[in-house]
Amino acid sequence: MDAIVPAPVFDAVMDSIQFIYSLEKYVAPTVVLVPKVVPETVAKFAESVGQDYDTVSFLLGLLVCYPLGIIMNMIPYGKMRHAFSFLLGAFLLQFSLDVEWIHQMITSLIAYAMLALLPRSTSKWLVPTFAMVYMSAAHLHRQFVNYLGYDMDFTSAQMVLTMKLYMFAYNFYDGGLIKEGKPDRAAKKCAPFAVIELPSIIEFLGFTFCFSNLMAGPAFEFSAYAAACNGSLLYDKDGKPRGKIPSNFLPTLIPLIKSFIILGLFVVGSGKFPLLDPEDPQNALPVIITPEFLANPWLYRIGYSLIGLFFLRFKYYFAWVNAEGANNLWYAGFEGFTEDGEAQGWDIACNIDVLAFETAPSIKILSAAWNKKTANWLSRYVYIRTNGSLVATYGLSAFWHGFYPGYYFFFLTVPLLTMCERVGKKKLSSRFNPSGKKWTPWGIVNIIATTLMANYAVLPFPMLAFEWSIAVWKSHYFAGHILAVAFYILMQFVPSPKKKSD
């Protein structure tokens with residue numbers, strides 16, 4: 001990072017970081033939930049299996065959510081559940097991050113104070129702004145002290161927390177409008193998630209520290225969390241079941257088994273088709289832009305990149321699918337009942353639809369299937385609040401991920417692909433596939449086109465660095481951008497099909 005940032009700026013930032021580090025002695029006494037023998041034992045186990053401590057502690061943190069979920073299911077509804085959620089979340093953070101757990105606490109308490117003391121019209125933008133700034137500082141810290149590195153710190157948990165606080169601030173604002181009988185268009189759309197009254201501090205901390213979605217998400221709405229804790233998800237005010245309560249056995253077991261299969265595929269597949277250098281991904285030239293790799297035919301390089309990206313995604317699939325089962329275990333992932341008492345399903349904690357994503361016929365469907373709860377956050381609290389601005393939506397998404405150029409190259413390319421998709425749907429799909437069905441000849445063409453263009457666009461994402469991002473697109477002759485621009489221009493000369501008269 002010192003080679004990129006001017007020396008005076010770099011020195012000033014590092015001095016600030018060292019000052020913050022000097023405060024560790026005051027924070028260390030707060031790490032009281034994890035006995036010293038636990039990290040010592042984990043460290044020995046990690047060494048014995050040839051893995052680093054961060055990876056093993058993260059994996060164990062995800063898996064321990066299952067026995068914790070069993071305990072959560074036994075705890076009476078009410079504040080005890082909120083307290084348990086908070087304490088277990090704090091335990092997981094202290095176990096995985098040691099003193100860095102305090103960032104979650106500081107952010108949560110300051111946000112709660114804003115919500116309690118400021119007008120809702122102010123807190124609706126100030127809380128999200130504060131959360132984004134704090135998270136951005138975490139991203140910048142990581143880039144300064146570990147540029148291009150993948151070591152685990154509090155940044156990932158802070159990203160999940162940022163979504164929670166961002167959503168809650170708008171939920172609370174919408175609740176105020178609904179309470180006054182003056183809901184705006186956005187408040188009406190998000191009415192099911194509105195928070196009418198500010199919850200108690202323990203309820204709020206239970207939500208922000210919720211153990212089953214703390215490490216890897218998904219960040220679902222406060223209303224869903226609260227319903228699972230106060231019992232209203234399953235029972236009415238009289239204590240009677242709202243319907244036949246479904247078993248949580250298969251909704252828990254299936255994601256758990258799937259996650260282990262996915263983990264195995266990731267380990268094997270990413271080992272055979274690495275994108276970055278396996279020995280030194282932080283410093284060595286990525287595999288797919290080395291001179292040796294570039295000597296291969298273009299079609300081979302395209303195929304290798306597609307397979308490599310495919311297996312790279314399994315890292316995210318594992319975390320999300322595993323977390324889905326942990327949430328389902330204590331019914332936090334259950335959608336509840338219809339007015340007729342019919343069970344609705346288990347989509348609350350489902351963050352990825354693997355088959356829908358891998359066979360998406362459009363960027364819109366692909367985006368909706370990937371990191372679904374983040375997509376919900378962006379749709380409900382950015383897209384519809386900015387009058388449908390794609391640049392604002394994808395720009396904030398890039399900002400949320402951090403400041404590596406690779407993120408921005410990807411997210412700011414997506415609007416171009418979306419524009420092409422919209423004009424193509426209007427002028428071509430309406431002619432060749434008016435039914436809109438997926439598994440038709442034209443639908444399969446769309447699946448192939450979406451797969452190729454989306455994978456081309458996302459190549460800079462794992463590259464991170466500016467030079468590596470440009471180099472990976474250059475290795476494919478910027479074909480994706482050229483084709484997209486050419487397609488969009490060409491479509492301007494294609495007449496729109498005439499609407500059928502009644």
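So, a few notes on the structure that sits alongside this text. Residue indices follow the written sequence of each chain, beginning from 1 at its first position. With pLDDT at 70 or above as the cut-off, local features in this predicted model cover only qualifying residues; side-chain atom pairs require 80 or more to be listed or tallied, and sums for whole chains, interfaces and linings still use all residues. Side-chain metrics rest on all non-hydrogen atoms present in the structure, leaving aside hydrogens and water.

**Notes on the packing of helix α8 (residues 120-145) against helix α19 (residues 390-401)**
Right, so step 1: Axis lines are fitted through C-alpha atoms, for helices just across the contact stretch, and the angle between N-to-C directions can take any value from 0 to 180 degrees. Labels follow the DSSP assignment, with helices taken as runs of H or I lasting at least four residues and strands as runs of E lasting at least two, numbered in each case from the N terminus. At a closest axis distance of 8 Å, the pairing of α8 and α19 adopts a crossing angle of 50 degrees. Classified by the angle their axes make, α8 and α19 are oblique. Along its contact with α8, which presents Met-132, Met-135, Ser-136 and His-139, the element α19 presents Leu-396, Phe-399, Trp-400 and His-401.
Right, so step 2: In terms of residue class, the contact of α8 with α19 is built from five nonpolar, three polar and no charged. Oblique is the label for any angle not covered by the other classes, which are roughly parallel (under 35 degrees), roughly antiparallel (over 145) and roughly perpendicular (65 to 115). Only heavy atoms enter the contact rule, under which two residues are in contact if any of them lie within 4.5 Å. Here the term charged refers only to Asp, Glu, Lys and Arg, the term nonpolar to Ala, Val, Leu, Ile, Met, Phe, Trp, Tyr, Cys and Pro, and the term polar to all other amino acids, Gly among them.

**Comments concerning the environment of Gln-158**
Right, so step 1: Mapped onto the secondary structure, Gln-158 falls in helix α9 (residues 155-180).
Right, so step 2: Accessibility here uses a 1.4 Å probe with only protein chains present; expressed as a share of the type maximum, an area under 20% marks a residue as buried, one over 50% as exposed, and anything in between as partly exposed. The exposure class of Gln-158 is buried, given its relative accessible area of 1%.
Right, so step 3: Counting along the chain gives 138 residues from Gln-158 to Ile-20, while the straight-line C-alpha distance between them is 17 Å.
Right, so step 4: Identification of polar contacts relies on pairs of N or O atoms within 3.5 Å, with a donor-acceptor requirement for protein atoms, meaning one able to donate a hydrogen and the other able to accept it, and with residues adjacent in sequence counted only if both atoms are side-chain atoms. For Gln-158, the side chain forms a polar contact with the side chain of Thr-107, separated by 2.9 Å.

**Some details on the pattern of salt bridges**
Right, so step 1: The salt bridge criterion pairs a side-chain nitrogen of Lys or Arg with a carboxyl oxygen of Asp or Glu, the two atoms within 4 Å. By the definition in use, this model includes seven salt bridges.
Right, so step 2: With a closest N to O distance of 3.0 Å, Asp-347 and Lys-372 form a salt bridge. Placement of the pair is Asp-347 in the loop between α15 (298-329) and α16 (354-358) and Lys-372 in helix α18 (residues 372-383), with a sequence separation of 25 residues.
Right, so step 3: Judged by its relative accessible area of 30%, Asp-347 is partly exposed.
Right, so step 4: Taken together, the shared-partner salt bridges in this structure form one network comprising Asp-347, Lys-372 and Lys-373.

**Overview of the packing of helix α7 (residues 102-117) against α8**
Right, so step 1: Orientation of α7 relative to α8, taken along the N-to-C sense of each, is 165 degrees, at an axis distance of 10 Å. Taken as axis vectors, α7 and α8 run roughly antiparallel relative to one another. Seen from above, α7 lies across α8 with right-handed handedness. In this structure, α7 uses His-103, Ile-106, Thr-107, Ile-110, Ala-111, Met-114 and Leu-115 to contact α8, whose residues at the interface are Ser-123, Leu-126, Val-127, Phe-130 and Tyr-134.
Right, so step 2: Residue classes in the contact of α7 with α8 are distributed as nine nonpolar, three polar and no charged. Two helices crossing with the near one rotated counterclockwise from the far one by less than a right angle form a left-handed crossing, whereas a clockwise rotation gives a right-handed crossing.

**A few points about the state of the cysteines**
Right, so step 1: The term disulfide is used for any two cysteine sulfur atoms that are within 2.5 Å. Using the criterion set out here, one finds zero disulfides in the structure.
Right, so step 2: The structure places no disulfide on Cys-65, whose sulfur is separated from the nearest cysteine sulfur, that of Cys-210, by 8.6 Å.
Right, so step 3: For Cys-65, a relative accessible area of 2% puts it in the buried group.
Right, so step 4: In this model Cys-229 remains outside any disulfide bridge; the closest cysteine sulfur is found in Cys-210, 6.8 Å from its own.

None of this, on its own, says anything about what the molecule does.
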